[in-house]
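Structural overview for review
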Amino acid sequence: EEHALSKMCAELRKNALELQFGMSELQIHEFCVHDINDILMELMHLGDNWNSSNTRELAEICHRRTHGNAFFLVMFLRELCSTNLLSFNIGSYQWDWDPAKIIAQTSATENVVEFMKNILQTLPTGVQKRLSVAAYLGNVLKPKTLNLLWSHISFTANDDDSVKTTGTSTSSDQNGDSANHFPVVDREAGELIGPGEVRVENGRSSNALDMFGNDSNLDSQSSVIKIMDRTDIGKDMDESPTDGTWLRIAQKKGLVERLKGETSTEYRWVHDKVQEAAMSLVAAEDLPALKKEIGETLLSQLDSNDLDSHIFVIVNLINEAEGEEGDARLELASLNQLAATKAARCCAFEAAAKYANQGITLLPDDRWINHRALSLELFSTAIESEHRCGLIGQMKRHYDEFVAQDFDVLEKMRAHTPMIDVHFADSADGWQKAQDLVLDLLAEYGLKLPKRTFPIVLSMLSLVKLKRQFTKMKVSDILKLPLTNDREHLEVVKLLSRLGTISYRGDKTYMVLAVLENAKLIMKVGITELSPSVLPQLGFLFSLIWKDFRLGYKCGEMAMQLLSKYNFRDAVPQTIMMNILNAAFLDPLIRLDTSLKKAYRIGTSIGDTHHAMICAYQRIPVQLAIGSSLDRVERDCRKYCAQMAEFDLVNLLPQNIAYWLASIQLMGKEDTALPVQGISATTTLIDWADKHKDDALLVATTQLLRSHLHAIYGEDEDGAELAIIKGDAYVKANPGHFCHFIDTFVKAVCLYTAARKMKRKKYLVHARKLHSNIKGWVQKGNPNVVHYEKFLNAEEAALEGDQPLAEGWYQAAALLALRNSFHGDAALINERYGEFLLDDCHNVGEATVRLAESIRLYREWGADRKVSQLEHKHAELWPRPEEIVM
């Protein structure tokens, strides 16, 4: 259960239950006697005419000794060969074994580690000691490092005498038969080659041990090909282990293997159980001293490059040895800081947090007085890493102690930045705490912004100047600005960027000002790694305030040019997140899904969970809009909900749950539960909004989803009333977001249909206003709303009684929606067109075709509840089974 693969499988099983994704497990059971007998016959190439009962007794012995474990079996057979208990007799040209001798000279062990330990203990003492030391250096054995150790540690100081073989004849078996040479396996032909025969394929020869997975013994520097035999092993064992032959001995015993590559001199353990067995050779009472000696020797003898590559091994060994006092504790704390920094650089944040915390425990009580620099690094790394892996409580404890110390604002930024994110994700009003903290930090940098009020007129005047400036610029002109690495400037840019995002989520007070100040810094000082995320925000303001979508799109293109030129990987998630707001006006939504997926993947890989999860959240409405499988949408919602809960992003989680509820209702899976917060599929969107009524964005999102469901289920009067009641609530709560397109369309669908059925003027007035908005977006080049306009044109024509014109618009809308991958919209349009043909045109034949197409599209989408509703509603259109003529 402690194996890495076992842990990974356990984690997958846990996630499969929580997230309800499919997981298939193939249970590979231990070999039974029959299986082992088949393996023996195949390995010995005994042929179909061989009586399987002749090897049955050997198979039973192997099964008793190995319990059917595959790796255990391979090693046991290798050991039988190496001890001459299983050999190929050149005289009879057959395999020989004596069951009684095998039983007498081998013993049963409870596990693979114990068996491998027994094998290791048959090796010379010097080889054993070297293998046991090498086991504590990781999976890869580097001769250069190992040889350095031999000359400095006391553990191997007294084994320089010649290595002797133990208990095995190397020239003949005990019956006197010639058995010097093992037959080998021709891997291509699948047959054994007898002694005296050599087959060479691609410049390599095979040997007897090949059948159990060992490399052939080929001298790559000459044309001499040696057939391995037991005398060759004995020859190596007679050499001193200090010249490297101990590695070849271990290789021939099947314990290690050489890494691939013609020039490679490194080896690795063939199995982690072999490494574990080598570790167990060291007595428990000697282990702490040995670990400490190995770690300190590597620390003192390795050069800077090798030290960096071995830092985790060294720190782990010395940490486990414990018992450090005085200056040694400080030195170990410094080493833990080096390991933590490297782990964080590799995005191994759990390991980074562990090393940083270990370093903190080693610091003395006067750490903030006499060891400020080391304490600063350890606490900063701990806070960052704990935030990245969701250890928020632990992070807050370190943060509180750290910020109470007398450091300047620049030195504290590594701690403040994660805390801003924590505040922002804390609750519906967490943005206020985050915003206040950002404003205080900006003031410490000398940029004092007025709290709560600001002369918006002056802000707009500056924005107008920037608009003129960016209108004249070409996209490539942004690359002409200088690159600046000034740390203080960079931190101010980061804070302003966060302020803009926080204000957008909150009361919008500083949204324009933050972007404006950041853009001015770009033009005045130059490009930083945060500039790519600032430019889309500026473009978003141009789009939002002046409806200049093309200028907004240009700013987004500038941002992508900067990412490409300077490879600002850390800025990718936030840049794409912000650029979506511009790109959605001019790029197909299906392209945005690809970008959001990329940003989510990069964000999670670099530990930017905040922006990664915002991108994940944005993906869900995109997937719904483009008609991605509802089953996939539901799985993604479930996965993202679990991740948002894990990362404590409580401001995003309720909105993602709202989308999950909507997808579940369309699928008709009332028996489904969401493990996060114990949500049931029977929870309605109204109930969910009431539970979070103080969250304006969540309330607006649930209203959008309710409007969408009203349109899909034909609840037009309810949808029309909701459209009038909520008005522009969504666009006010989430200005400029692409979901505003969807909200506008589904409201218009309900209003037009209700106007036709109920003959109420108020519905028509609101419907035409929304229709006009969509026409304006089409004129400005938005490709995602063209089918919306055509469908609403059809509804307008149907309302006016112009049936031919309405049919033309319906057909164009359905075709365009399907062509552009809006499958859910295509299903809705075909349904409304079919009902128009049925109710207004009385064209039953064509109506049946359109309604059948709608059902097909809904079924492919996964909207099973809607399929059932349509099939029941129009049951008279489909022939009953007894009416079908075969």
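A brief report on the enclosed structure follows. (Residues numbered from 1 in each chain as written. Predicted model: local features only at pLDDT ≥ 70, side-chain atom pairs only at ≥ 80, totals over all residues. Heavy atoms only, no water.)

What to know about the nonpolar core
Core analysis: the largest hydrophobic core is formed by 149 residues, its most contacted members being F470, L589, M613, F745 and Y858. A total of twelve residues in this core trace back to one element, the largest contributor, which is helix α36 (residues 739-758). Setting aside residues no more than four positions away along its own chain, L589 makes contact with A584, V622, A625, I626, F738, N784 and F822. Within the second largest apolar cluster, 114 residues are counted, among which are F88, V409, M419 and L442. (Core = buried A, V, L, I, M, F, W, Y, C linked by side-chain atoms within 4.5 Å. Buried < 20%, exposed > 50% of the residue type's maximum accessible area, 1.4 Å probe, protein only. Helix = DSSP H or I, 4+ residues; strand = E, 2+ residues; numbered from the N terminus. Contact = heavy atoms within 4.5 Å.)

Here's the deal with the sheet that holds strand β3 (residues 140-141)
The sheet built from three strands is open, its strands ordered β3-β9-β8 with antiparallel pairing. Of all the strands in the sheet, just β3 and β8 (256-258) have a single pairing partner and so form its edges. Bridge count between β3 and strand β9 (residues 267-269): two bridges; the pairing is antiparallel. Residue L141 lies in a different strand from β9, and its bridge partner there is Y267. (Pairing = 2+ DSSP bridges.)

Topic: the pattern of salt bridges
Within the structure shown, the criterion is met by 37 salt bridges. For R268, the salt bridge goes to E257, with nearest N and O atoms at 2.7 Å. Placement of R268 in strand β9 and of E257 in strand β8 is noted, with a sequence separation of eleven residues between them. Given the relative accessible area of 24%, E257 is considered partly exposed. Of the charged contacts in the structure, one is a salt bridge between R487 and E491, with a shortest N-O distance of 3.1 Å. Taken together, the positions of R487 and E491, both in helix α23 (residues 487-505) and four residues apart, correspond to about one turn of that helix. Judged by its relative accessible area of 5%, E491 falls in the buried class. (Salt bridge = Lys/Arg side-chain N within 4 Å of Asp/Glu carboxyl O.)

Thoughts on the packing of helix α8 (residues 143-150) against helix α12 (residues 287-301)
It is the contact of α8 with α12, at a shortest axis distance of 10 Å, that shows an interaxial angle of 110°. It follows that α8 is roughly perpendicular to α12 by the angle criterion. Contact residues: T145, L148 and L149 in α8; I294, T297, L298 and Q301 in α12. Residue composition of the contact of α8 with α12, grouped by class: four nonpolar, three polar and no charged. (Axes fitted to C-alpha atoms, helices over the stretch in contact; angles between N-to-C directions. Parallel < 35°, antiparallel > 145°, perpendicular 65-115°, else oblique. Nonpolar A, V, L, I, M, F, W, Y, C, P; charged D, E, K, R; others polar.)

Some details on the packing of helix α7 (residues 125-134) against helix α10 (residues 245-252)
For the pair α7 and α10, interaxial distance at closest approach is 10 Å and the crossing angle is 85°. In terms of orientation, α7 lies roughly perpendicular with respect to α10. The segment α7 lies against α10, with V127, R130, L131 and A134 engaging W246, I249 and A250. Class assignment of the residues belonging to the contact of α7 with α10 gives a composition of six nonpolar, no polar and one charged.

Quick look at the state of the cysteines
In total, this model carries zero disulfides according to the counting rule given. No disulfide involves C347; its sulfur sits 7.6 Å from the nearest other cysteine sulfur, which is in C346. Owing to a relative accessible area of 29%, C347 belongs among the partly exposed residues under this scheme. (Disulfide = S-S within 2.5 Å.)

With respect to the side chain of Q623
The residue Q623 is located in helix α29 (residues 609-625) in this model. By relative accessible area, Q623 is classed as buried at 0%. Q623 has contacts with D593, S628, R632, V633 and D636, leaving out every residue within four places of it along the chain.

Describing the packing of aromatic side chains
Considering all chains together, one arrives at 20 aromatic pairs under this definition. Here the aromatic rings of F470 and F542 are separated by 6.4 Å at their centres, their planes lie at 55°, and the arrangement is tilted. Highlighted residues: F470 in helix α22 (residues 456-472) and F542 in helix α25 (residues 531-546), separated in sequence by 72 residues. Each member of the pair, F470 as well as F542, carries the same accessibility label: buried. Chaining the aromatic ring pairs together yields one cluster made of F745, Y788, F791, Y810, Y833 and F836. Its guanidinium or amino end placed over the ring of Y355, K354 lies 4.7 Å from that ring's centre, counting from NZ or CZ. When the ring centre of F407 is taken as origin, the NZ or CZ atom of R372, which lies over that ring, is 4.1 Å away. (Phe/Tyr/Trp six-rings, centres within 6.5 Å; stacked < 30°, edge-to-face > 60°. Lys NZ or Arg CZ within 6 Å of the ring centre and 35° of its normal.)

Points about a negative patch on the surface
A surface patch of like charges, here negative, comprises D406, D408, E411, D486 and E488. Its location among the elements puts D408 in the loop between α19 (392-403) and α20 (409-426). (Patch = residues over 30% accessible without salt bridge, like charges linked within 9 Å, V, L, I, M, F, W, Y side chains within 5 Å. Areas by Shrake-Rupley, 256 points an atom, 1.4 Å probe, with all protein chains shown as cover. Lys, Arg positive; Asp, Glu negative; His and termini not counted. Charge placed at Lys NZ, Arg CZ, Asp CG, Glu CD.)

Comments concerning empty space enclosed by the protein
To find the voids left in a structure, one rolls a probe of water-molecule size over its atoms. Following the criterion strictly, the structure yields seven cavities of 30 Å³ or more and no others. Looking at the largest cavity, its volume works out to about 90 Å³. Taken together, H387, I392, D421, V422, A425, T609, H610, F647, D648 and L649 make up the lining of the largest cavity. Among the secondary structure elements, those contributing two or more residues to the lining of the largest cavity are α20 and α29. For the lining of the largest cavity, the leading source of residues is α20, giving three residues. Here the residues of the lining of the largest cavity sort into five nonpolar, three polar and two charged. (1 Å grid on protein atoms, 1.4 Å probe; cavity = no way out; pocket = protein on both sides within 12 Å on 5 of 7 lines; lining within 4 Å. Points joined across faces, edges and corners; volume = space filled by probe spheres on them.)

With respect to the pairing of strand β2 (residues 94-97)
On a regular strand, one side chain projects to one face of the sheet and the next to the other, so that they alternate. Two strands pair when backbone bridges link them, and strand β1 (residues 86-89) and β2 are joined in this way by four bridges, in the antiparallel orientation. Bridging from a neighbouring strand, S87 pairs with D96 of β2. The hairpin turn running from β1 into β2, its antiparallel successor, is four residues long, and Y93 in that turn takes a positive phi close to 55°.

Examining the environment of L816
One can find L816 in helix α39 (residues 803-819). Given the relative accessible area of 16%, L816 is considered buried. Along the sequence, L816 and A826 sit ten residues apart, while their C-alpha atoms lie 8.2 Å from each other.

None of this, on its own, says anything about what the molecule does.
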